[in-house]
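Descriptive analysis of the structure
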Protein chains: 2
Amino acid sequence: MTTGLTELTARPDDSGIDTAVAAVRRLAAALLAAGGRVDLDLDDLARRLTAMASEVEELAPELADRMVDMWSGEGVTRHDPVTGPENAIAPPLVLSAEPDGAVCGTVNLGITYQGPPGCVHGGISALLLDHTLGVANAHAGTSGMTGTLTLRYERPVPLHTDLVVRGRQERVEGRKIWSHGTITAGGEVLVRAEGLFIDKHLARPR
Amino acid sequence: MTTGLTELTARPDDSGIDTAVAAVRRLAAALLAAGGRVDLDLDDLARRLTAMASEVEELAPELADRMVDMWSGEGVTRHDPVTGPENAIAPPLVLSAEPDGAVCGTVNLGITYQGPPGCVHGGISALLLDHTLGVANAHAGTSGMTGTLTLRYERPVPLHTDLVVRGRQERVEGRKIWSHGTITAGGEVLVRAEGLFIDKHLARPR
């Protein structure tokens, strides 16, 4: 890490599963950018990809065993749909601890995350913020499950732009946890999130 | 369609781009289910996938032209991250009009959408609901951009379970639109959403 901040999520490796997943992510973006009219034998591509998927599926462990593996340790997860280097849905966002106790990361989203023309889907902003508030809670020492999440969309969130996603735990009262977050670009707030979390956790698979 | 309801989103085709994207979706799930310890040459898989991505990228149209194509017509979109058959991030959810004016669809989510152990990520529930409220607004005749979205998480949302996502426009006053939605399983409400939308639209690319 060049910034000197403590990373709280997994940074993708440049070999193994993370590179295969990064390639899937790139292929997903490429296919969406190409569209159905592209001069390519898409049925053949589908067959080749399906063969690869079958090959991987056959070698995969039992889901119950894999779930134990995913959730082992108290560290960062590698599988989630926001920061997970092993999840092709995740951009992925890398979050670091800031000196003031907040957690923060920068992400640049392409057309797979589009809502309004040229802009990030409001639900994708919600996904990034919900996850970031969860990481902020874990970083602050008391985390839980989302009870209520309120998103205020102040300005459109552009695609192909560096977005700063920030979250911070505000206060804890009994089992209630309040946290808030923002998505900004160039210092301007685009989306605000307020979350009320409840300090309870589902049992980890084992 | 067997239910006789009017579909409001694109149902995936069984050839061409939709099948290639479905195969990417399946591969993303397979890799996440496999994990990094799988007995497979993941670097070689990454190389093969990267070569495919490069091939597709080289044949893709200019992004500006593709954006015009994506947003042409007044019908359903095929590219969005919730219902889009051309978007590997989308489950995809198919939404239909109900006789009472609501829009509704059933979706079953796997581990790429996981938040808490064995459960759907709260941000993914938000994504599904934000989009469904948008489709409900369009179906009701007055749509816009999300202003405020509030999610209430009443119970954990299980993976590998048929989830019913429903949305409905409640009222319109001037440029303000109120809508609400739910995610249910077996008739039990798991998540509720309330959205305030503003009747304004970003210009479509042309």
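In this text, all values refer to a predicted model and were calculated from it rather than measured experimentally.

Rules behind the numbers
- Residues numbered from 1 in each chain as written.
- Chains lettered and ligands numbered in written order.
- Predicted model: local features only at pLDDT ≥ 70, side-chain atom pairs only at ≥ 80, totals over all residues.
- Heavy atoms only, no water.
- Helix = DSSP H or I, 4+ residues; strand = E, 2+ residues; numbered from the N terminus.
- Rg over C-alpha atoms; globule rule 2.2 N^0.38 Å.
- Buried < 20%, exposed > 50% of the residue type's maximum accessible area, 1.4 Å probe, protein only.
- Contact = heavy atoms within 4.5 Å.
- Areas by Shrake-Rupley, 256 points an atom, 1.4 Å probe, with all protein chains shown as cover.
- Lys, Arg positive; Asp, Glu negative; His and termini not counted.
- Charge placed at Lys NZ, Arg CZ, Asp CG, Glu CD.
- 1 Å grid on protein atoms, 1.4 Å probe; cavity = no way out; pocket = protein on both sides within 12 Å on 5 of 7 lines; lining within 4 Å.
- Points joined across faces, edges and corners; volume = space filled by probe spheres on them.
- Nonpolar A, V, L, I, M, F, W, Y, C, P; charged D, E, K, R; others polar.
- UniProt positions renumbered as here; feature names shortened; annotations may be inferred.
- Phe/Tyr/Trp six-rings, centres within 6.5 Å; stacked < 30°, edge-to-face > 60°.
- Lys NZ or Arg CZ within 6 Å of the ring centre and 35° of its normal.
- Least-squares fit on C-alpha atoms with pLDDT ≥ 70 in both.

**Some remarks on the overall build of chain A**
Across its full length, chain A carries 4 helices and 6 strands. Across chain A, helices and strands are ordered from the amino to the carboxyl terminus as α-α-α-β-β-α-β-β-β-β. Its C-alpha atoms give chain A a radius of gyration of 19 Å, near enough to 17 Å, the size a compact globule of 206 residues would have. Its C-alpha atoms put chain A at 55 × 45 × 35 Å along the principal axes. Evaluated residue by residue, chain A yields a buried proportion of 55% over its 206 residues. Nonlocal contacts in chain A, meaning residues at least 24 apart in sequence, comprise 65% of its contacts between residues at least 6 apart. Summing over all exposed atoms, chain A offers an accessible surface of approximately 8600 Å²; the carbon and sulfur share of this is 48%. Counting 19 positive and 27 negative side-chain charges, chain A places the averaged centre of each group 7 Å from the other.

**Structural notes on empty space enclosed by the protein**
Residues and elements named next belong to chain A. Applying the stated criterion across every chain yields a total of 1 cavity of 30 Å³ or more. Considering only enclosed or pocket space, the largest cavity measures out at about 30 Å³ in volume. Around the largest cavity sit P81, I89, P91, Y113, I124, L127 and L128, which together line it. In terms of residue class, the lining of the largest cavity is built from 7 nonpolar, no polar and no charged.

**Section: the UniProt feature "domain: RHA1-ro05818 N-terminal helical" (unreviewed entry) in chain A**
Mapped onto the present numbering, the UniProt feature "domain: RHA1-ro05818 N-terminal helical" (unreviewed entry) falls at residues 8–65 of chain A. The span residues 8–65 of chain A is 67% helix and 0% strand, and its two end C-alpha atoms sit 25 Å from each other.

**Comments concerning the packing of aromatic side chains**
The final tally for this structure, using the stated rule, is 0 aromatic pairs over all chains. Here R171 of chain A stacks its cationic end above the ring of W178 of chain A, 4.0 Å away from the centre of that ring.

**What to know about the relation of the copies chain B and chain A**
Once turned by 180 degrees and shifted 0.0 Å along the axis, chain B lies on chain A with an RMSD of 0.0 Å. Given the turn and translation reported, the copies of this chain are related as if by a two-fold rotation axis. Judged by C-alpha distance, T150 of chain B is the residue of chain B that lies nearest the rotation axis, at 2.2 Å. Mapped onto chain A, 100% of the interface residues of chain B are again interface residues, and the two copies thus contact each other with one and the same surface.

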